[in-house]
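Results of the structural survey
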Amino acid sequence: MLMKKITILLLVGLSSLYANSDWMSGLTDIVNEVEEKKAENKKVLNYAFKQRMRTQLMSRDALLISMDFNCSFYQKEILLNADLFNENFNNLINSKKDIEKVIKRDPKFSKKIEEVTEIWLTFYDSVKKISKDSKDKDALKFIEDNNINLLNGIAHIFTSFIKSYQSTDELEASMAHIKSMLYTQVGKPRLYINKLVKERLLIEQNINLKDNQNSFNQTIKDMDKIMKALKDGDKELELYGTEDTKILEKLSISQKIWEEVKALVTKEKLNKKEWSIIIVKNEEFIKAQAEVVKLTRESNDN
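Residues numbered from 1 in each chain as written. Predicted model: local features only at pLDDT ≥ 70, side-chain atom pairs only at ≥ 80, totals over all residues. Heavy atoms only, no water.

Section: the pattern of salt bridges
- Counted under the stated rule, the structure contains 15 salt bridges.
- Close ionic contact of Arg60 with Asp61 constitutes a salt bridge, the shortest N to O distance being 2.8 Å.
- We classify Arg60 as buried; its relative accessible area is 1%.
- Residue classification places Asp61 among the buried positions, given a relative accessible area of 1%.
- With a shortest N-O distance of 3.1 Å, Glu204 and Arg200 are connected by a salt bridge. Here Glu204 pairs with Arg200, and both are found in helix H7 (residues 170-204), just 4 residues apart, close to one helical turn. (Salt bridge = Lys/Arg side-chain N within 4 Å of Asp/Glu carboxyl O. Buried < 20%, exposed > 50% of the residue type's maximum accessible area, 1.4 Å probe, protein only. Helix = DSSP H or I, 4+ residues; strand = E, 2+ residues; numbered from the N terminus.)

What follows is the structure, encoded as structure tokens:
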């Protein structure tokens, strides 16, 4: 927004030197077009953050329901998140102009939309079933077998959309890539915390124990790595760290909650009280990290 104002002020200043109104109008249109691209990119990233996180949140809540953990509450929560996911997903796949733009770059994109839609429709139906019947084993199995496929499918769709909005100018595209990587990575801890709790719940129920234990261990490593990278930077993750005191302050809050969660979920046995603490800390982390995301975007959306 600040950059737009500065650019418009420069244009106004130039208008005293150049009386051609068509020329001025053309420059203003260019500025507006750039701002529209930024706004569209921002909107897609907003959808991406929330949709990825919801895939793991729904899967986590399905397991809590099956364990009869505050069942009636989580039956309402899972349906709420599924309805929101469905609304956003439909808005996305009904954006015909945007989809056409992506297909020009990737002719196989329409096929990917069909694949993800097919998974989501059955996933959504399974959520509806478990929201009514906590003992529906088939519904739970489909959710747990397909949540990662849904997550990966959604990630692919959003990455394709973001690429389609990027400028053909090499420098501008490079800057946009750096920003989109930052925004993507800063949103990942909220995804990881839900994924981690889900995996620990699967281990608790002895479901695909070896695979879920391996995935659980990797998620801990991924979370440790990205939390450090957001602060100090990481070449592999394409993160440059931050010296912003407000962001660092919020990151320290998130880090403290994460250490508390990690200490609990890595225990061999968990009682009901400890599970209650983990779920509360899960929600606290999401809220704390949302502040990090907000401040990071505010400091870079200039």
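What follows picks up the thread again.
Things to note about helix H3 (residues 71-93)
- In a regular helix each residue adds 1.5 Å, so 23 residues correspond to 33 Å; H3 covers 32 Å between its end C-alpha atoms and thus fits that length.
- Along H3, the positions that sit buried rather than exposed are Cys71, Tyr74, Gln75, Ile78, Asn81, Ala82, Phe85, Asn86, Asn88, Phe89 and Leu92. (Expected span 1.5 Å × (residues − 1).)

Brief notes about the environment of Lys101
- The residue Lys101 is located in helix H4 (residues 96-105) in this model.
- On a C-alpha basis, the gap between Lys101 and Phe161 in space is 8.4 Å, while along the polypeptide they are 60 residues apart.

Brief notes about the packing of aromatic side chains
- Enumeration over the complete set of coordinates arrives at 6 aromatic pairs.
- When the ring of Phe69 is compared with that of Tyr74, the centres are 6.5 Å apart and the planes differ by 40°; the resulting orientation is tilted.
- For Tyr74, a relative accessible area of 6% corresponds to the buried category.
- Aromatic side chains Phe73 and Tyr74 sit 4.9 Å apart centroid to centroid with 85° between the ring planes, which places their arrangement in the edge-to-face category.
- One aromatic cluster is present, formed by Phe85, Phe89, Trp120, Phe123 and Tyr124 through successive ring pairs.
- Just above the ring of Tyr124 sits the side chain of Lys128; from NZ or CZ to the centre is 4.2 Å. (Phe/Tyr/Trp six-rings, centres within 6.5 Å; stacked < 30°, edge-to-face > 60°. Lys NZ or Arg CZ within 6 Å of the ring centre and 35° of its normal.)

Quick look at the packing of helix H8 (residues 209-232) against helix H9 (residues 245-265)
- Here H8 crosses H9 at 165°, and the two axes come no closer than 11 Å. Here H9 runs roughly antiparallel to H8, going by the angle between their axes. The two elements H8 and H9 cross, and the hand of that crossing is left-handed. Listed contacts from H9 to Phe216, Ile220, Met223, Asp224, Met227, Leu230 and Lys231 of H8 are Leu248, Leu251, Ser254, Gln255, Trp258, Lys262 and Val265.
- Split into classes, the residues belonging to the contact of H8 with H9 amount to 9 nonpolar, 2 polar and 3 charged. (Axes fitted to C-alpha atoms, helices over the stretch in contact; angles between N-to-C directions. Parallel < 35°, antiparallel > 145°, perpendicular 65-115°, else oblique. Left-handed = near helix turned anticlockwise from the far one by under 90°. Contact = heavy atoms within 4.5 Å. Nonpolar A, V, L, I, M, F, W, Y, C, P; charged D, E, K, R; others polar.)

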